[in-house]
Amino acid sequence: MNPVKSNEYIEKREGVCGGKEVIKGHRIPVWEIAEVYNMGADWGELATRFETLSVLEIREAIDYYEENKETIDQQIEENKLENILDSDIPNSHVLNGSS
């Protein structure tokens with residue numbers, strides 16, 4: 001696996017989004033922006049979906065994704081698996097502490 005490259009707009013904080021890369025000052029993970037980008041969203045759609053972020057922050061997230069594609073793609077896949085497992089287990093919201 002390639003080493004993760006740094007970006008002044010991206011940070012990893014313990015206890016925030018599972019320690020995954022997020023936009024500094026936000027709780028929006030890079031993998032989520034990358035997932036929407038990979039689905040073909042244009043800049044207008046990205047700006048609407050992530051309205052609390054500036055266009056520059058979105059651009060930097062996409063650049064970070066492109067530089068760390070293997071790592072972020074793995075996070076996208078992990079999240080898909082989590083969602084599948086959560087939806088396949090009856091009352092999984094009780095198991096994970098949400099209601």
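Our structure is the block above this text.
All chains use their own residue numbering, which begins from 1 and follows the written sequence. Where totals are concerned, whole chains, interfaces and linings use all residues; where local detail is concerned, this predicted model gives features only for residues with pLDDT of at least 70, and gives and counts side-chain atom pairs only at 80 or more. Excluded from the side-chain calculations are hydrogens and water; all other atoms, namely the structure's heavy atoms, are used.

Student: It is not clear to me how the overall build of the protein should be interpreted in this structure. Could you clarify?
Tutor: We count a stretch as a helix when DSSP gives it H or I for four or more residues in a row; a strand needs E for two or more, and each element gets its number in order from the N terminus. Tallying secondary structure elements over the protein gives 5 helices and 2 strands in all. Reading the helices (α) and strands (β) of the protein from amino to carboxyl end gives β-β-α-α-α-α-α. Contacts are residue-level and defined by heavy atoms, with any inter-residue pair within 4.5 Å sufficient. For the protein, restricting intrachain contacts to residue pairs at least 6 apart in sequence, the fraction spanning at least 24 positions comes to 49%. Split by element, the accessible area of the protein, about 6,400 Å² in all, is 50% carbon and sulfur. Per-residue and other accessible areas were derived by the Shrake-Rupley procedure at a 1.4 Å probe size, with only the shown protein chains allowed to occlude residues.

Student: Just checking my understanding: could you explain helix α1 (residues 30-38) for this structure?
Tutor: Each full turn of the α-helix corresponds to 3.6 residues, which orients residues three or four apart in the same direction. A 1.4 Å probe rolled over the protein chains alone gives each residue an accessible area, and that area as a share of the maximum for its type sets the label: buried under 20%, exposed over 50%, partly exposed in between. Within the sequence span of α1, burial applies to Val-30, Trp-31, Ile-33, Ala-34, Glu-35 and Val-36. Immediately beyond the C-terminal end of α1, within one or two residues, lies Gly-40, with a positive phi of roughly 100 degrees.

Student: Which parts of the structure should I look at to understand unusual backbone geometry?
Tutor: Residues other than glycine predominantly adopt negative phi, and peptide bonds predominantly adopt the trans conformation. A positive phi angle is found at Cys-17, which is not glycine, with a value near 50 degrees. One can find Cys-17 in the loop between β1 (10-12) and β2 (21-23). According to the relative accessible area criterion, Cys-17 is partly exposed, its value standing at 25%.

Student: Explain the side chain of His-26 to me, please; I cannot follow it from the model alone.
Tutor: Here His-26 shows up in the loop between β2 and α1. Dropping the residues within four chain positions of it, His-26 is found in contact with Arg-13, Thr-52, Leu-53 and Glu-57.

Student: Help me understand the environment of Asn-38 in this model?
Tutor: Mapped onto the secondary structure, Asn-38 falls in helix α1. On the accessibility criterion, Asn-38 (41% relative accessible area) is partly exposed. In this structure the C-alpha to C-alpha distance between Asn-38 and Ile-62, which are 24 residues apart in sequence, comes to 9.9 Å. Here Asn-38 is in contact with Tyr-65, Asp-73 and Ile-76, once residues within four sequence places are set aside. Here a polar contact is taken to be a pair of N or O atoms separated by no more than 3.5 Å, where protein atoms must pair a possible hydrogen donor with a possible acceptor and residues adjacent in sequence count only if both atoms sit in side chains. Within the local environment of Asn-38, its side chain forms a polar contact with the side chain of Tyr-65, the two groups lying 2.9 Å apart.

Student: Is there a simple way to explain the packing of α1 against helix α3 (residues 55-67) in this structure?
Tutor: A pair of packed helices is characterised by two quantities: the angle between their axes and the separation of those axes. Only the stretch in contact is used when a helix axis is fitted, and all axes are lines through C-alpha atoms; the angle between N-to-C directions ranges over 0 to 180 degrees. Where α1 contacts α3, the axes come no closer than 9 Å and their chain directions differ by 90 degrees. Taken as axis vectors, α1 and α3 run roughly perpendicular relative to one another. Residues Val-30, Ile-33, Ala-34, Tyr-37 and Asn-38 of α1 form the contact with α3, whose own contacting residues are Ile-58, Ala-61, Ile-62, Tyr-64, Tyr-65 and Glu-66. Here roughly perpendicular refers to angles of 65 to 115 degrees, roughly parallel to angles under 35, roughly antiparallel to angles over 145, and oblique to all remaining angles.

Student: Teacher, can you tell me more about the nonpolar core here?
Tutor: General note: in soluble globular proteins, nonpolar side chains tend to be found buried as a group. Judged by nonpolar contacts, the single largest core of 19 residues is most densely connected at Ile-33, Phe-50, Leu-53 and Ile-72. For this core, the elements supplying multiple residues, two or more each, are α1, α3 and α4 (69-88). Leaving out residues up to four positions away in the same chain, Ile-33 has contacts with Ile-23, Ile-28, Leu-46, Phe-50, Leu-53, Ile-58, Ala-61 and Ile-62. Side-chain atoms within 4.5 Å are what join buried Ala, Val, Leu, Ile, Met, Phe, Trp, Tyr and Cys residues into a set we call a nonpolar core.

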